[in-house]
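# Chains, contacts and geometry: an overview
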Amino acid sequence: MFGRFLKPRWQHANPDIRLKAIEQLSLCDDAILLNQLARGDASALVRAAATGRLTDFAALDEVHQRDEAPSVREAASVRIMALLAGTTDDAPNSDTRLRLIRLTGNEDVLAHVASQSPDMHSRMAAIERLKDEGVLYQLALDAPSEALRVASVQNIASLSLLKRLSKEGRDKRVTRLARDQARVLQQQQQQSERETAKVYHLADRLEQHARRRVDALYGPQLEQLEQQWQQLTLQATPDLASRVQQALHQCRNQLTELQEQTRQQALAETAKAEREAAAHSLFQLLSQATPETWDHQLGEMRSALATQQRRWDSANEQSQALDEDRLAFTDLVAAFEQLLTLAADINATDSPDALTELSGRWPGEYQPPSALLALRTLKAEAADAQAPAQPRPAQPHRGLLVALKRELRQGNLRHANRLWHKAQAIIENHGDRLLDAELAKLAPRRAELQDWHRFAAEPKKITLCESMEALNGATMDAPELATAIQALHDEWRALMSSDQGEDQALWARFKEASDQAYQPCRAHFAELDATKARNLEKRRALCEQLEGFITAQNWETADWHGVWQIRQQAPKDWKALHPIRFTDAREVQKHFSSLLTQLDEQLSGYIEKAEGERKQLLDQARALTELDDAQHATREAQAIQKRWRQSAWLPPGQHRALQKPFRKIMDALFDARNREMAARREQQEQASDVLATHIDALEESLAKPFSNDTASSLRSAASAVDEHLAGNPPQPLMRKAQQLKRRASERLQQLSRWQQWQQLRDAVAALPESTGATAEKESDTQADAALTLAVAFEALAGVPSPEPERQRRLQWQLEQLPSAMKRQQFDAREEMQRLIGEQKAPVSAAVKARMDSAIAVLEPGNA
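Going along each chain's sequence as written, the residues are numbered from 1 onward. The model is predicted, so local features are restricted to residues of pLDDT at least 70 and side-chain atom pairs to those at 80 or more, both for listing and for counting; the totals for chains, interfaces and linings are taken over all residues. Here the side-chain values reflect all heavy atoms present in the structure, with hydrogen atoms and water set aside.

### Observations regarding the overall build of the protein
On a plain count of helices and strands, the protein comes out with 36 helices and zero strands. The cut-offs for exposure are 20% and 50% of the maximum accessible area for each residue type, with area from a 1.4 Å probe on protein chains only; residues under the lower value are buried, those over the upper are exposed, and the others partly exposed. Counting only residues that meet the buried cut, the protein has 35% of its 863 residues in that class. Note on contacts: a residue pair qualifies if any of its non-hydrogen atoms lie within 4.5 Å across the two residues. Pairs at least 24 residues apart make up 67% of the contacts formed inside the protein by residues separated by at least 6 positions. For the protein, the computed accessible surface area is about 51,600 Å², with 51% contributed by carbon and sulfur atoms. Helix numbers and strand numbers start at the N terminus; a helix is a DSSP run of H or I with at least 4 residues, a strand a run of E with at least 2. Surface accessibility follows the Shrake-Rupley procedure with a 1.4 Å probe radius. Residue values consider only the protein chains on display as shielding.

See the structure below:
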């Protein structure tokens, strides 16, 4: 029943008692108990106290993360900081602390360790992990050692803080390092800004490219822009990257559409070419077929027909043909098959009557099979035998006939028609019956070609007529309508056969539709003609104005900039007066060109002279680059720059051609000057550091007591300072050096007096000293003389004498007064030396001590 009174104190119901009990718990034996109390005690004060004694970082971290009470979490944080900083006796060893510091990312803990830890290695490790630049800045200013301050500066990446440190830092090394890091960071920021500007510019170019019309250069330019984007991808912000990707996507879509359109167009053109080639091949097979072909190669002809049919069908699957083209090819195939069937029938029959009947069905424009050819030959021979023999007349136009037969055989109807009309004109003018007979023989072949032309061209002509009729009442602008009408006329001319009779009916229909369609264009082109006339008059006025300007100009005092501007603007104004009828404007154009030539001649002379002046200045500037004295070179360069700015005006093209090398030379000269100044500044800084070291040494020598040894070191230090005062050291350093040198000189000037003082002191020390045995034998007179000597030394030194000796001192001073008044110069040390020389009797140790104290006051150089 008394068990509840015997519980441990840390289990007491009163939190104050538990709190006191925690203080008595052992860190080694009761670590588990402390962990339990820190996690689960009901009182926040008890948990905080237990937490403050924990050494387990895992338990401390758990308390810091999960405890509800801010005071407990704060106690855990403080405990972690103290353990890692090593400011408690129960802290882990140095290696453990370093490992944990390198693992933690808690900025508060790292800041505490960096500022409070007594261990230099822990501080350095914490500074290396710190990201809070405000803390790093304070450490760079206030850390106790230079190494810590330097490490803090090295971790700062804020340009503003680095600039502040370069001005407020305690150490030269810290300020120099901050200045160097700030310069590097500023260069990086400038480089980043330049790259960002490039990304913005590239994004704008891509967006413009996405909006432009797609042409042949669209793909290569897009590829070039994509390569530039690959180089700048890492510098782009997400928004910029999104803009660029969207523009690239739009560009690729447009390029894909263009490629697809190009592919479809290429397929259509290829298919059309294949279809035309198939039709042309069949026509050539028929035109070039010989009797042997119809006799023995009907199988090959059928195979060729099937091949060309498959060729035409395959091309038609790629791109559908027009209805008239499809009908024309179908008719050609039907005609080809009809001839094959007819040739097979002729080869299969032996009946003369059947051959005669089949011969009438065979087209005259193609060579027949051998059977029909033999039948025709027999009939011709029979007819010749019945007719009387006649002499064969001469053929003066054989060349014309040969050319006509060639063109008919090759199927060139247009050229054949021209030659045919030429032969008919010869027949009409000269009555050449032989030529007429030859034309009669060739008439079936020409008629066949006309049938084929009519077969192929007539549907297209009908289509052209319909297209022209469709333009009547079309809602187009007059120029666009006129262009469409002209295009249809060009197509019509391509289909003409040089036989007006053949084309007349459709031509009348086409011409009538063309006239009606062109009706709305007449008013427009009438107004256009009036505009052209007005523009012509304005061009004449412009020539008169320009001619008057040239005539009235004094070229010696001309405003060449204004002249050049007029030369640039005049052609623009001339071109702006458009449209114009060029046949009417030829003379005006020649006049205008001659006026421009006159201006060009005057401008060329002036530009050549001005360029010569600039080139002389450029050569002078180039010669400055060979000088060794950069300061002198830059002074001369500034004078040349002034003359360059005051030199005669030049057009932009010539100015840029000379300005670029001139600016490059100037930049090189001033860069050399800046490098020399930087090197000089660096040398001055190094010389200042050396001078500061010698000034410190001189200051230390001045602080030492004066002696022969210190006089030698003082003289050496002053000489070293004097040697390093050459150049141009900073004024504060110069003033301090001058002050210290003056003090050193004053002290060294007292060296002889100090040596005299030292001899006096040595003389006092060398006085015979009365011992106990001799002191009893001394007479009162000797004792009084020794005491008088002591008060004399004290009076000469100006130090007080003992109270009993004041009367003796006064008496001595009165005795010495008359002799002192007789002497113009009085030196206390010389008087002391004289008194010592007169003292023959030994003196007591007390008297010697009083004399030495008096002499010490007179020591020169240590006042």
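### Overview of the pattern of salt bridges
Salt bridges are defined as contacts in which a side-chain nitrogen from Lys or Arg sits within 4 Å of a carboxyl oxygen from Asp or Glu. Under the criterion given, the structure shown has 15 salt bridges. Note that Arg-311 and Glu-274 form a salt bridge whose closest N and O atoms lie 2.9 Å from each other. With Arg-311 in helix α16 (residues 298-318) and Glu-274 in helix α14 (residues 238-287), the pair connects residues that are 37 residues apart, well separated along the chain. The exposure class assigned to Arg-311 is partly exposed, which follows from its relative accessible area of 28%. With relative accessibility at 31%, the residue Glu-274 sits in the partly exposed group. Notably, a salt bridge pairs Glu-469 with Arg-509, separated by 2.8 Å at the nearest N-O pair. Placement of Glu-469 in helix α22 (residues 433-471) and of Arg-509 in helix α24 (residues 500-552) is noted, with a sequence separation of 40 residues between them. A relative accessible area of 36% places Glu-469 in the partly exposed class.

### Remarks on unusual backbone geometry
Looking along the chain, the bond that leaves His-578 and enters Pro-579 is cis, with omega of 10 degrees. Mapped onto the elements of the fold, Pro-579 is located in the loop between α25 (560-576) and α26 (586-624).

### Topic: the nonpolar core
If you look at the biggest cluster of nonpolar residues, it comprises 51 residues, and the most contacted ones within it are Leu-84 and Leu-165. Leave out the neighbours within four places in its chain, and Leu-84 touches Phe-57, Arg-97, Leu-100, Ile-101, Val-109, Val-113 and Ser-122. By nonpolar core we mean a set of buried residues, namely Ala, Val, Leu, Ile, Met, Phe, Trp, Tyr and Cys, connected to one another through side-chain atoms within 4.5 Å. Formed by 37 residues, the second largest nonpolar core is a distinct cluster that contains Trp-560, Val-588, Ala-637 and Trp-644.

### Remarks on the environment of Arg-73
For Arg-73, the position within the fold is in helix α5 (residues 70-85). Using a relative accessible area of 28% as the deciding quantity, one classes Arg-73 as partly exposed. Taking the C-alpha atoms as reference points, Arg-73 and Arg-47, 26 residues apart in sequence, are found 9.6 Å from one another.

### Things to note about the side chain of Ser-281
Mapped onto the fold, Ser-281 is located in helix α14. Beyond its immediate stretch of four places on either side in the chain, Ser-281 contacts Gln-308 and Arg-311.

### What to know about the environment of Ala-126
Tracing the chain through its elements places Ala-126 in helix α8 (residues 120-129). Along the chain, Ala-126 and Leu-110 lie 16 residues apart, while their C-alpha atoms are 5.1 Å from each other. Every residue in contact with Ala-126, bar those within four places of it in the chain, is listed here: Ile-101, Leu-110, Val-113 and Ala-114.

### Some thoughts on the packing of α26 against helix α27 (residues 630-646)
Under this scheme, a helix contributes an axis fitted over its contacting stretch, all axes are lines through C-alpha atoms, and angles between N-to-C directions fall in the 0 to 180 degree range. Closest axis-to-axis distance for the α26/α27 pair is 10 Å, and the angle between their directions is 170 degrees. Judged by the angle between their axes, α26 and α27 are roughly antiparallel. For the pair α26 and α27, contact is made by Arg-614, Leu-617, Leu-618, Gln-620, Ala-621 and Leu-624 and by Ala-633, Glu-636, Ala-637, Ile-640, Arg-643 and Trp-644, respectively. Per-class residue counts for the contact of α26 with α27 are eight nonpolar, one polar and three charged. Note on terminology: angles under 35 degrees are roughly parallel, angles over 145 are roughly antiparallel, angles of 65 to 115 are roughly perpendicular, and the others are oblique. By the convention adopted, Pro, Cys, Tyr, Trp, Phe, Met, Ile, Leu, Val and Ala count as nonpolar, Lys, Arg, Asp and Glu as charged, and the other residues, Gly among them, as polar.

### Structural notes on the packing of helix α10 (residues 146-154) against helix α12 (residues 172-211)
Relative orientation of the contacting elements α10 and α12 amounts to 10 degrees, with a least axis distance of 10 Å. Taken together, the axes of α10 and α12 are roughly parallel relative to one another. On α12, the residues touching Glu-146, Arg-149, Val-150, Val-153 and Gln-154 of α10 are Arg-173, Val-174, Leu-177, Ala-178 and Gln-181. In terms of residue class, the contact of α10 with α12 is built from five nonpolar, two polar and three charged.

### Observations concerning the packing of aromatic side chains
Between two aromatic rings, the relevant description is the distance of the centres plus the angle of the planes. Two rings from Phe, Tyr or Trp (for Trp, the six-membered ring) form a pair when their centres sit within 6.5 Å of each other. Planes less than 30 degrees apart are called stacked, planes more than 60 degrees apart edge-to-face, and all others tilted. For the coordinates displayed, the defined rule picks out six aromatic pairs. Taking 5.6 Å as the distance between ring centres and 25 degrees as the angle between the ring planes, the aromatic pair formed by Trp-555 and Trp-560 counts as stacked. Taken individually, Trp-555 and Trp-560 each receive the classification buried, so the pair is uniform in this respect. Seen from their ring centres, Trp-644 and Phe-662 are 3.9 Å apart, and the 5 degrees between their planes marks the pair as stacked. Of the two residues, Trp-644 is situated in helix α27 and Phe-662 in helix α28 (residues 652-703); the sequence distance between them amounts to 18 residues. Each member of the pair, Trp-644 together with Phe-662, is buried.

### Brief notes about the environment of Glu-491
Its location among the elements puts Glu-491 in helix α23 (residues 478-495). Residue Glu-491 is classed as partly exposed on the basis of its relative accessible area, which comes to 43%. C-alpha of Glu-491 to C-alpha of Lys-461: the two residues are 30 residues apart in sequence and 8.8 Å apart in space.

### Some points on the side chain of Ser-117
On the secondary structure map, Ser-117 appears in the loop between α7 (107-116) and α8. Accessibility expressed as a relative area gives 3% for Ser-117, which makes it buried.

### Some remarks on the confidence of the model for the protein
Of the residues in the protein, 86% have a pLDDT of 70 or more, and the chain-wide mean is 77. A residue's pLDDT is the predictor's confidence in that residue, given on a scale from 0 to 100. Low confidence marks residues 1-6, where pLDDT is under 50. Its contacts with residues over four positions away, or in another chain, come to zero contacts. Taken as a whole, residues 773-777 scores under 50 in pLDDT and shows zero contacts with residues more than four places along the chain or in a different chain.

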